[in-house]
Amino acid sequence: MFKNTFQSGFLSILFSIGSKPLEIWDKKVRNGRVKKVTDADIRSSVVEIVGVNVSTTYITCPADPKKTLGIKLPFLVMIIKNLDKYCAFEILVLDDTKVRRRFRASNYQKVTKVTQSMCIMPMKLDDGWNQIQFNLSDFMRKAYGTNYLETLRVQIHANCRVRRVYFTDRLYEEDELPADYKLFLPIPAQSRSV
């Protein structure tokens, strides 16, 4: 999808604001739902993914299973709300030996496990909104001793709310982020005396 696109800075694959946030995503739903809702904490539209079973309710990008993302930017950033239930994320990447490797992070996994084609790792989510940063290049080196080439596919499994999913060339400080890449939390209105 993005293989022939100039990639630098930020490359967003999901932004919950707008009429079609899941335009390039496919939904797999069994005993659950994927829909746009308004989150009360941030007073904004978000994509909610909820289901009875984490493995049977998810969104995946790209929507076409024959296509790949072709994203070479090594940092994946997701702005996700913890719904206090099990959830997971999977990233399929290609390394410099042309082997496809899958990284799965979940809040129900207790220890890291590395197999020939998959690295499963625990993920801790704070209450409320979280910014999750995956250094894919670093994970690839530590888990397999190979170099990251590109991201092929991203899956976000139930149960969470998603504000934005994007790739970057490096980790940016909060004050370096474009305004629409930040998660604005509401500022309580202060009473004014007349």
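Residues numbered from 1 in each chain as written. Predicted model: local features only at pLDDT ≥ 70, side-chain atom pairs only at ≥ 80, totals over all residues. Heavy atoms only, no water.

- Looking up the protein in an unreviewed UniProt entry gives the name Cilia- and flagella-associated protein 20-like, with the organism given as Branchiostoma floridae.

1. Looking at the overall build of the protein
And then number 1: Helices and strands together make up the secondary structure of the protein, namely 1 helix and 13 strands.
And then number 2: Helices and strands appear in the protein in the N-to-C order β-β-β-β-β-β-β-β-β-β-β-α-β-β.
And then number 3: What you see for the protein is a C-alpha radius of gyration of 17 Å, in line with the 16 Å of a compact globule of 194 residues.
And then number 4: Viewed in the frame of its principal axes, the protein has a C-alpha envelope of about 70 × 40 × 30 Å.
And then number 5: The buried share of the protein, taken over its 194 residues, is 48%.
And then number 6: When contacts within the protein are restricted to residue pairs at least 6 apart in sequence, those whose partners lie at least 24 apart make up 70%.
And then number 7: With the model as given, the accessible surface of the protein reaches about 10500 Å², and the carbon-plus-sulfur share is 49%. (Helix = DSSP H or I, 4+ residues; strand = E, 2+ residues; numbered from the N terminus. Rg over C-alpha atoms; globule rule 2.2 N^0.38 Å. Buried < 20%, exposed > 50% of the residue type's maximum accessible area, 1.4 Å probe, protein only. Contact = heavy atoms within 4.5 Å. Areas by Shrake-Rupley, 256 points an atom, 1.4 Å probe, with all protein chains shown as cover.)

2. Section: the pattern of salt bridges
And then number 1: As enumerated under the stated definition, the model contains 15 salt bridges in all.
And then number 2: One network of salt bridges, with partners in common, ties together Arg 33, Asp 39, Asp 41, Glu 48, Lys 81 and Arg 161. (Salt bridge = Lys/Arg side-chain N within 4 Å of Asp/Glu carboxyl O.)

3. Focus on the sheet that holds strand β5 (residues 58-61)
And then number 1: The strand order β2-β5-β12-β7-β8-β10-β9 describes an open sheet built from 7 strands, whose pairing is mixed. The sheet is open, and its two edges are formed by β2 (26-28) and β9 (113-114), each paired on a single side.
And then number 2: Pairing between strand β7 (residues 88-95) and strand β12 (residues 148-157): 7 bridges, direction antiparallel. Paired with Glu 90 across the bridge in β12 is Gln 155. (Pairing = 2+ DSSP bridges.)

4. A few points about unusual backbone geometry
And then number 1: Following Cys 61, the chain continues into Pro 62 via a peptide bond in cis, with omega recorded as 5 degrees.
And then number 2: Position of Pro 62 relative to the elements: it lies in the loop between β5 and β6 (75-82).
And then number 3: The amide bond that connects Ala 158 to the next residue, Asn 159, takes the cis arrangement and shows omega of 20 degrees.
And then number 4: Inspection of the secondary structure assignment puts Asn 159 in the loop between β12 and β13 (160-168).
And then number 5: For Asp 84, which is not glycine, the phi torsion reads 60 degrees and is therefore positive.
And then number 6: Owing to a relative accessible area of 60%, Asp 84 belongs among the exposed residues under this scheme.

5. Some details on helix α1 (residues 136-144)
And then number 1: Regarding α1, the residues found buried are Leu 136, Ser 137, Met 140 and Tyr 144. Projected onto a plane normal to the axis of α1, the buried residues spread over an arc of 105 degrees and lie on a single side.
And then number 2: Remark: Gly 145 follows α1 within two positions and exhibits a positive phi of approximately 70 degrees. (Arc of directions from axis to C-beta.)

6. With respect to empty space enclosed by the protein
A probe as big as a water molecule, rolled over the atoms, marks out the empty space that is left.
And then number 1: Under the defined criterion, the tally for this structure stands at 1 cavity of 30 Å³ or more.
And then number 2: Looking at the largest cavity, its volume works out to about 50 Å³.
And then number 3: Here the lining of the largest cavity is composed, by residue class, of 5 nonpolar, 3 polar and 1 charged. (1 Å grid on protein atoms, 1.4 Å probe; cavity = no way out; pocket = protein on both sides within 12 Å on 5 of 7 lines; lining within 4 Å. Points joined across faces, edges and corners; volume = space filled by probe spheres on them. Nonpolar A, V, L, I, M, F, W, Y, C, P; charged D, E, K, R; others polar.)

7. Here we look at the nonpolar core
And then number 1: If you look at the biggest cluster of nonpolar residues, it comprises 39 residues, and the most contacted ones within it are Ile 13, Trp 25, Ile 49, Met 78, Phe 89, Ile 156 and Val 162.
And then number 2: Residues within four places of Met 78 in sequence aside, it is in contact with Phe 89, Asn 130, Gln 131, Ile 132, Phe 134, Ile 156, Arg 164 and Val 165. (Core = buried A, V, L, I, M, F, W, Y, C linked by side-chain atoms within 4.5 Å.)

8. Thoughts on the pairing of β7
And then number 1: In terms of residue burial, β7 counts as a mostly covered element, since 8 of its 8 residues are buried.
And then number 2: In β7, alternate side chains face the same way, and those of Ala 88, Glu 90, Leu 92 and Leu 94 on one face and Phe 89, Ile 91, Val 93 and Asp 95 on the other are all buried.
And then number 3: The pairing of β7 with strand β8 (residues 100-106) spans 7 bridges and is classified as antiparallel. Counterpart to Ala 88 in the pairing with β8 is Ser 106.

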